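# A closer look at the structure
As a plain string of letters, each chain reads:
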Amino acid sequence: MLFFRTDQSVCAKTIVGTFSSGLVLALTAILYSASPPAAMAFTNVSGSVRNVNGRSLGPVTVIATCNSGTFQQTNVFGNYSITVPANTTSCDVTASGLNPPEFQMQWSTVQNGGVITPQSPIYTVSGTLVGLTTTTNTTVSLTGQNIAPAACVVSLNSSTNPPTVRYVCVGLIRFGDYSVTPSRSGFTFTPAGQGVGTYNGVTSDFQNQNFTAAANNPTPTINNLSPSTIPAGSASFFMTVTGVNFINGSVGRWNGQDRSTTFGSSNVLTVQITAADVQSPGNNTVTVFNPAPGGGLSLGTQFVVSPQTQGPRTHFDFDGDGLADLSVYRPSNSTWYWTRPQGGYASIPYGFSSDMLTPADFDGDGKTDVAVWRPSNGTWYVLNSGLNTFVSFTWGVGGDIPVPGDYDGDHKADITVYRPSNGTWYRILSNGGIYSFVNFGISGDKPLIGDFDGDGASDVAVYRPSNGIWYLLQTTLGYKFWAWGTAGDVPVPANLVGDGRTDLAIYRPSTGEWWVFQPETGAISRVPWGIAGDMPAPADYDGNGTAEFTIFRPATGTWYMFSPVTGIKFVTFGVSTDVPIPAAFTQ
């Protein structure tokens, strides 16, 4: 019996192995001899990208990595043709841009005819049955849930002693476990070392009949952990590990120790983390191990167990008194203004009128830092309040949207941009300066900042105006989405009900209404508070742990605040051209 595994995300690497049984296994998307002829130079690599039914796929980018260099053709739909230097003798060709995302083909001496086909590689299996005197009624069956009928050629070699029957089968597989079972039924044969008899089934009388072999397992790679941080003292939880080259048998490890692991696909594992694992704060290493043959250990990915949170930090609190400050930015003189609890106001000129405001607590001292991001050069300029120092980071390109948040739960804002052109979040985590890239969103989405699951860490989230849906990638609760909003609504995520979670809230300029949805309870609130021209700027201005429904009215420079607990308050602070800083991340 021959067993091997393949997977739809790895679909054209050539694997050749010879086993002690005499069986040679070759798995490839284009069959050629296991010992190809001498290398010949060629100047063109061409073929097509198609599905298993022959339909052209695209648009994709086809990349040829050759001994003479790397070359590519973009916007391929179906056929491709790549010119390579005259000294080229071998190329690996991949196609990217479709799901499943990984296709590969190999050439050694072939110039043309490379078909990149996802999901369904062709394979060859071969072996020998020792002691047979005839091929009559000899069958080789290929079984599996995702296998097409295979063509098998059976031949007799009577010159050997004892005689041998050789079989070679070629078939099309998609993914899963498969077995190859040679059998004879109702004929006379002479097994080696035994007399003549009649055989009516598969037994151990067949020498070299049963084989067990497998293609080498790949080495796994981790791309992302969800969650990637959690407060110390949390209960046991399930962590989703995404990456490539996972197999049924992959094991997640926490600081080198095996943990209960459930295989989802070649790209997803679910690993159970115990309460003891996250009892104390610190950095931990998550790896994935694939067993032999082949296999190996992935590189480690950091998981942060943060100190137990002491309640959420107050946003837009420039003096650290636990209350959000009424604050404005005046483009005419590039100056920041905010109110002081003892009366009066503070001001500081900082930035250019073309800068984007990025107020956040980057140094972890409990005070919001004055900061801007400059689209013209992709640079962050931060005035740290705790250290009284100026720092700058180049992180981002023109067209990016700054979204600083505490994504690793260490009470420090992380330098982060969202790139609408490819839907990717680029982060520099303050805990260790680790670079983190997360693809979540599409062009037209509005990135959001908030802790929607209340675990003390900011979540990756977007609001999609085209369908009014909030998409959340939460550090503890994982991926969720809810429809909440209509065309023209403005997302205003904030902790408006005081439960420690960021609520799904929208402000409707056409009616001056706030609509709040709590996913964990299903509760819905409607608060009419505002008129046309007002700018929503919710924050915890009274320090009670709940953000107030707040609008800034440019026409009069007046702030209007409403709380179901503390009532109504209004303060004049600003002029008509000012930008309310608590609305810095409102789009």
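Quick caveat: nothing in here was measured; it's all calculated off a predicted structure. (Residues numbered from 1 in each chain as written. Predicted model: local features only at pLDDT ≥ 70, side-chain atom pairs only at ≥ 80, totals over all residues. Heavy atoms only, no water.)

## Examining the sheet that holds strand E32 (residues 370–374)
Here is the rule we go by: DSSP-based pairing: two strands are paired if at least 2 bridges between them are found. In this text, helices come from DSSP runs of H or I with a minimum length of four residues, and strands from runs of E with a minimum of two, each type numbered from the N-terminal end.
Judged by pairing direction, the sheet is antiparallel, and its four strands sit side by side in the order E31-E32-E33-E34 without closing on themselves. Single-partner strands in this sheet number two, and they are strand E31 (356–357) and strand E34 (389–394). Bridge count between E32 and strand E33 (residues 379–384): five bridges; the pairing is antiparallel. Along E33, the bridge assignment pairs tryptophan 373 with tryptophan 380.

## Description of the sheet that holds strand E49 (residues 558–563)
Taken in spatial order, the four strands of this open sheet run E47-E48-E49-E50, and their pairing is antiparallel. Of all the strands in the sheet, the pair left with one neighbour each is strand E47 (535–536) and strand E50 (567–572). Pairing between E47 and strand E48 (residues 549–553): two bridges, direction antiparallel. Bridge pairing in E48 links methionine 535 to phenylalanine 552.

## So, the packing of aromatic side chains
Heads up, the condition is: Pairing of aromatic rings covers Phe, Tyr and the six-membered ring of Trp, with a centre-to-centre limit of 6.5 Å; geometry is then stacked below 30 degrees between planes, edge-to-face above 60, and tilted otherwise. Only protein chains enter the accessibility calculation, which uses a 1.4 Å probe; a residue is then buried when its area is under 20% of its type maximum, exposed when over 50%, and partly exposed in between. Criterion for a charge above a ring: Arg CZ or Lys NZ at most 6 Å from the ring centre, at most 35 degrees from the ring normal.
The final tally for this structure, using the stated rule, is 26 aromatic pairs. Ring centres of phenylalanine 318 and tryptophan 336 lie 6.4 Å apart, and the angle between their planes is 75°; on these two criteria the pair is classed as edge-to-face. Here phenylalanine 318, found in the loop between strand E27 (301–306) and strand E28 (327–330), pairs with tryptophan 336, found in strand E29 (residues 335–339); they are 18 residues apart in sequence, far enough to count as distant. Tryptophan 336 matches phenylalanine 318 in its accessibility class, with the two residues each being buried. Members of the aromatic cluster, each reached through a chain of ring pairs, are Tyr507, Trp514, Trp529, Phe549 and Phe562. Its guanidinium or amino end placed over the ring of tyrosine 337, arginine 330 lies 4.4 Å from that ring's centre, counting from NZ or CZ. We note arginine 419 situated over the ring of tyrosine 426; from NZ or CZ to the ring centre the distance is 4.3 Å.

## Overview of the pattern of salt bridges
Operational definition: Each salt bridge in this description consists of a side-chain nitrogen of Lys or Arg and a carboxyl oxygen of Asp or Glu lying within 4 Å of one another.
Taken as a whole and judged by the stated rule, the model has nine salt bridges. Ionic pairing is found between aspartate 277 and arginine 259, a salt bridge with its closest N-O pair at 2.9 Å. Here aspartate 277, found in the loop between strand E24 (268–273) and strand E25 (282–290), pairs with arginine 259, found in strand E22 (residues 257–259); they are 18 residues apart in sequence, far enough to count as distant. Arginine 553 is the salt-bridge partner of aspartate 534, the closest N and O atoms lying 2.8 Å from each other. Highlighted residues: aspartate 534 in the loop between strand E46 (523–528) and E47 and arginine 553 in strand E48, separated in sequence by 19 residues. We classify aspartate 534 as buried; its relative accessible area is 9%. A residue is classified by how much of its surface remains accessible, and arginine 553, at 18% relative accessible area, is buried.

## Focus on the side chain of aspartate 406
Inclusion rule: Counted as a polar contact is a pair of N or O atoms within 3.5 Å, where, for protein atoms, one must be capable of donating a hydrogen and the other of accepting one, and residues adjacent in sequence contribute only when both atoms are in side chains. Whether two residues touch is decided by their heavy atoms; if any such pair falls within 4.5 Å, the residues are in contact.
With respect to the secondary-structure elements, aspartate 406 resides in the loop between strand E35 (401–402) and strand E36 (415–419). Overall, the relative accessible area of 13% leaves aspartate 406 in the buried class. There is a polar contact of 3.1 Å between the side chain of aspartate 406 and the backbone nitrogen of aspartate 410. If sequence neighbours within four positions are ignored, aspartate 406 has contacts with His411, Lys412, Ala413, Asp414, Gly456, Ala457 and Ser458.

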